[in-house]
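The primary structure of each chain is shown beneath.
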Amino acid sequence: MLHTKCPNCGGQHIEGFFEIKNAPIFSLVTVKSKEEALNVPRKDIELAFCSDCGFIFNRKFDTTIDYFTGGYEDQQGFSKTFMEYLTGISKELIAKYNLEGKTTMEIGCGKGDFINLLTNLNGGKGIGIDPAYEVGRQNNPNLTFYKEFYSEKHGGLKAAMISCRHTLEHIHGTYEFLKLIRNSLDNSMDTVVFFEIPQISRILDIQAFWDIYYEHCSYFSAGSLARMFRAAGYEILDLRLVYSDQYLLIEAKPCAKPSTKTFEIEESIEVQRARIANFKTKIEEQLGDWRKKLTALKQANKKVVVWGGGSKSVGFLTNFADIGVIEYVVDINPNMKGNYIPGIGKQYQSPDFLKDYQPDAVIIMNGVYQKEITQSLNDMGCYPEVYAL
Ligand SMILES: [Zn+2]
């Protein structure tokens, strides 16, 4: 499968610039045996750049596979750092858009943690839509869940805000999806639309190859996201980077004709092209440096652990599975304990495991948590060498 048209703008000036061969196609599915983990299907990723709108996407993404309904483990709420972030964003949105006591909706709500938090904070009602929602996971009487994909039929549900967090990057038909939501808002032009997604410019600037994996087919920058929102009939109210520039937030409202006002962080297509050129010259060096580091640890018989499961660990380990230096991956999400990492076959352990294991080195998959994790390690009497991505 090779997509020849840009899913954002329909343009056909597409150029491939980075390939990852044989990437596991799932990274968050729950896998209970090593064999099953190693048998997860693999496909190639080829990141491509649209020179008409600046969008980056996997042009080999297989759209015939159902990536969602099989159930997945993606809760981040076990981290204090993350909960502080999410609570802060929620309070900000409630104050900024007068959401006190109102109904809000979330598309792609996962286990429902965010819509539950938001509803508890604003004292209103919440609607969550996600084919992977686990019935009974939330027992808040103010919440209603639809265990299905978002579609036209949900257009009649009224909400003061529609949020969609960490979902758009999993969707190939990005413009169609935005348009689907926009079409439902013709009679509720005051609805605020809030999206949170990872942003690609940081990934390119620091060659964060661990943030490129098969389940993410769409990679937005501030510029490409804003241009698509306007094209789909939204006026952008705010556009910003948060979480050490890892996440991109957009707040918008439907409108008849978007204004020409732009935000400072919207980069031009030329700037993005230069960024890609820089990425291409540096990525091999970055991968080579990690290979050297991990090989040296292996040769010195060091016990090396990855802290932080989920997609980043799959994205990271896919590149170095042959070295065989990492036996365990630790995650604070208790639901992951004992599961195996899709495509990698290593087993998840809870942090407690490290007390006895006493690792020599710990590689933290997200530098945002370095302080929190180092503290946990020290509390357990572990003082390993710490590397943070
Ligand atoms: Zn495009």
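Residues numbered from 1 in each chain as written. Predicted model: local features only at pLDDT ≥ 70, side-chain atom pairs only at ≥ 80, totals over all residues. Heavy atoms only, no water.

Observations regarding the coordination of the zinc ion
The coordination sphere of the zinc ion contains the protein donors Cys 6 (SG), Cys 9 (SG), Cys 50 (SG) and Cys 53 (SG), at a distance range of 2.3 Å. Between consecutive donor residues of the zinc ion, the sequence gaps follow C-x2-C-x40-C-x2-C. Of the two residues, Cys 6 is situated in the segment before strand E1 (14-24) and Cys 53 in the loop between strand E2 (42-50) and strand E3 (56-58); the sequence distance between them amounts to 47 residues. In this pair, the class of Cys 6 matches that of Cys 53, namely buried. (Donors = N, O, S within 2.8 Å, 3.2 Å for Na, K, Ca; no water. Helix = DSSP H or I, 4+ residues; strand = E, 2+ residues; numbered from the N terminus. Buried < 20%, exposed > 50% of the residue type's maximum accessible area, 1.4 Å probe, protein only.)

Side note on the side chain of Glu 266
For Glu 266, the position within the fold is in the loop between strand E11 (247-254) and helix H7 (269-299). For Glu 266, the side chain forms a polar contact with the main-chain nitrogen of Phe 263, separated by 2.9 Å. Contacts of Glu 266, omitting those with residues within four sequence positions, involve Ala 222, Gly 223, Ala 226, Arg 230 and Leu 239. (Polar contact = N/O pair within 3.5 Å; in protein donor to acceptor, adjacent residues only side chain to side chain. Contact = heavy atoms within 4.5 Å.)

Remarks on the pattern of salt bridges
Counted under the stated rule, the structure contains 25 salt bridges. Here Glu 19 and Lys 21 are joined by a salt bridge, their closest N and O atoms 3.3 Å apart. Notably, a salt bridge pairs Arg 165 with Glu 196, separated by 3.2 Å at the nearest N-O pair. Note that Arg 165 is positioned in strand E7 (residues 161-165) and Glu 196 in strand E8 (residues 192-198), a separation of 31 residues in sequence. Classification of Glu 196 by relative accessible area gives buried; the value is 0%. A single network of salt bridges, built from pairs that share partners, joins Glu 19, Lys 21, Asp 44, Glu 46, Arg 59 and Lys 60. (Salt bridge = Lys/Arg side-chain N within 4 Å of Asp/Glu carboxyl O.)

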